[in-house]
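# Examining the three-dimensional arrangement
Read off the chains here:
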Amino acid sequence: MGADEKFANKAEELKGRAKEAVGDATDNQQWQAEGRAERAKGALKQAGEKVKDAFRSDR
């Protein structure tokens, strides 16, 4: 469960970075915004997983 979710979250973040880069290269503001949103969403999910891991390791 944990490793799969971490991988998916990192993949989402990287997808957002790629979309944002394409948006920057083509000056497409919609893609830039979507890329930033996906990147932030992936990073936030990763942070949540780290918090879960911290509580799991304390037990």
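Treat the numbers as computed from the prediction; the structure is a model and nothing was measured. (Residues numbered from 1 in each chain as written. Predicted model: local features only at pLDDT ≥ 70, side-chain atom pairs only at ≥ 80, totals over all residues. Heavy atoms only, no water.)

### Topic: unusual backbone geometry
Although it is not a glycine, D27 adopts a positive phi angle of roughly 60°. Residue placement: D27 occurs in the loop between α1 (2-26) and α2 (29-57). (Helix = DSSP H or I, 4+ residues; strand = E, 2+ residues; numbered from the N terminus.)

### Quick word on the pattern of salt bridges
According to the stated counting rule, one finds 11 salt bridges in the structure shown. E13 is the partner of R17 in a salt bridge, and the nearest nitrogen-oxygen pair spans 3.2 Å. You can see R17 and its partner E13 sitting in helix α1, 4 residues apart, about one turn around the helix. Overall, the relative accessible area of 8% leaves E13 in the buried class. (Salt bridge = Lys/Arg side-chain N within 4 Å of Asp/Glu carboxyl O. Buried < 20%, exposed > 50% of the residue type's maximum accessible area, 1.4 Å probe, protein only.)

### Here we look at the environment of E5
Position of E5 relative to the elements: it lies in helix α1. Taking the C-alpha atoms as reference, E5 lies 8.7 Å from K45; in sequence the two are 40 residues apart.

### Topic: α1
Over its 25 residues, α1 extends 36 Å from the first C-alpha to the last, a length consistent with the 36 Å expected when each residue adds 1.5 Å. Remark: D27 follows α1 within two positions and exhibits a positive phi of approximately 60°. (Expected span 1.5 Å × (residues − 1).)

### Details of the environment of V51
Relative to the helices and strands, V51 is located in helix α2. For V51, a relative accessible area of 46% translates into the label partly exposed. Spatially, the C-alpha atoms of V51 and R39 are 19 Å apart, while their sequence positions differ by 12 residues.

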